[in-house]
Amino acid sequence: MNSISISKDIEPLSEFRKKSADFIKRLKKEKQPIILTQHGKSAAVLMDVTEYERFSKKLELLEDLLEAKQQVEKGETYTMDEARKRIEKHLSKWK
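Residues numbered from 1 in each chain as written. Predicted model: local features only at pLDDT ≥ 70, side-chain atom pairs only at ≥ 80, totals over all residues. Heavy atoms only, no water.

- If you check an unreviewed UniProt entry, the chain appears there as Antitoxin from Fodinibius halophilus.

Put into structure tokens, the structure is as follows:
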């Protein structure tokens with residue numbers, strides 16, 4: 001996803017109402033989100049479904065990395081031996 005172009009990627013809601021099929025085609029082709037405005041203010045963001053899924057997965061991964069970073073900073077870590085034992089304990093529940 002590239003940065004948003006004010007001249008190209010911000011559209012009034014009234015245009016979307018008139019040309020919704022064209023907007024959907026544009027999303028599929030360009031993979032670039034479109035910001036819809038209402039009364040001159042941002043109101044909604046339209047995204048291609050595939051791009052939305054990619055964005056969601058990236059966000060989830062970033063949240064996991066942030067949580068891991070915070071755990072390391074708090075000293076909430078395990079040695080390799082401790083981690084192996086914890087994994088084996090959890091796996092034994094599935095046997």
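That shown, we press on.
## Some words on unusual backbone geometry
Generally, phi is negative for residues other than glycine and the peptide bonds are trans, each holding for most cases.
Thinking step 1. A positive phi angle is found at Lys-31, which is not glycine, with a value near 60 degrees.
Thinking step 2. Along the chain, the position of Lys-31 falls in the loop between α3 (20-30) and β2 (34-38).
Thinking step 3. Even without being a glycine, His-39 presents a positive backbone phi close to 55 degrees.
Thinking step 4. For His-39, the position within the fold is in the loop between β2 and β3 (41-46).
Thinking step 5. For His-39, a relative accessible area of 77% translates into the label exposed. (Helix = DSSP H or I, 4+ residues; strand = E, 2+ residues; numbered from the N terminus. Buried < 20%, exposed > 50% of the residue type's maximum accessible area, 1.4 Å probe, protein only.)

## Quick notes on the pairing of β3
Thinking step 1. As paired elements, β2 and β3 share 5 bridges and run antiparallel to each other. Each residue of the ladder has a partner; that of Thr-37, found in β3, is Ser-42.
Thinking step 2. Counting the residues between successive antiparallel strands, the hairpin from β2 to β3 contains 2 residues, one of them, His-39, with a positive phi of roughly 55 degrees. (Pairing = 2+ DSSP bridges.)

## A look at the packing of aromatic side chains
Thinking step 1. Tallied over the entire structure, the rule returns 1 aromatic pair.
Thinking step 2. Ring geometry for Phe-16 against Phe-23: centres 5.4 Å apart, planes inclined by 85 degrees, an arrangement best described as edge-to-face. Neither Phe-16 nor Phe-23 differs from the other in exposure class; each is buried.
Thinking step 3. Positioned above the aromatic ring of Phe-23 is the side chain of Arg-26, whose terminal nitrogen or guanidinium carbon lies 5.7 Å from the ring centre. (Phe/Tyr/Trp six-rings, centres within 6.5 Å; stacked < 30°, edge-to-face > 60°. Lys NZ or Arg CZ within 6 Å of the ring centre and 35° of its normal.)

## Observations regarding the sheet that holds β3
Backbone-to-backbone hydrogen bonds pair the strands of a sheet. The strands run either parallel or antiparallel.
Thinking step 1. Taken in spatial order, the 3 strands of this open sheet run β1-β2-β3, and their pairing is mixed. Since the sheet does not close on itself, it has two edges, and those belong to β1 (10-12) and β3, each with one partner. If you compare each strand with its neighbour and ignore which way they point, the axes differ by 35 degrees on average.
Thinking step 2. The strands touched by α3 within the sheet are β1, β2 and β3, with β2 carrying the most contacts at an inclination of about 150 degrees. (Axes fitted to C-alpha atoms, helices over the stretch in contact; angles between N-to-C directions. Contact = heavy atoms within 4.5 Å.)

## With respect to the nonpolar core
Thinking step 1. Counting residues in hydrophobic clusters, the biggest one holds 7 residues: Leu-13, Phe-16, Phe-23, Leu-27, Ile-34, Leu-36 and Leu-46.
Thinking step 2. If you list the elements that add at least two residues to this core, you get α2 (13-18), α3 and β2.
Thinking step 3. If sequence neighbours within four positions are ignored, Leu-46 has contacts with Phe-16, Phe-23, Leu-27, Pro-33, Ile-34 and Leu-36. (Core = buried A, V, L, I, M, F, W, Y, C linked by side-chain atoms within 4.5 Å.)

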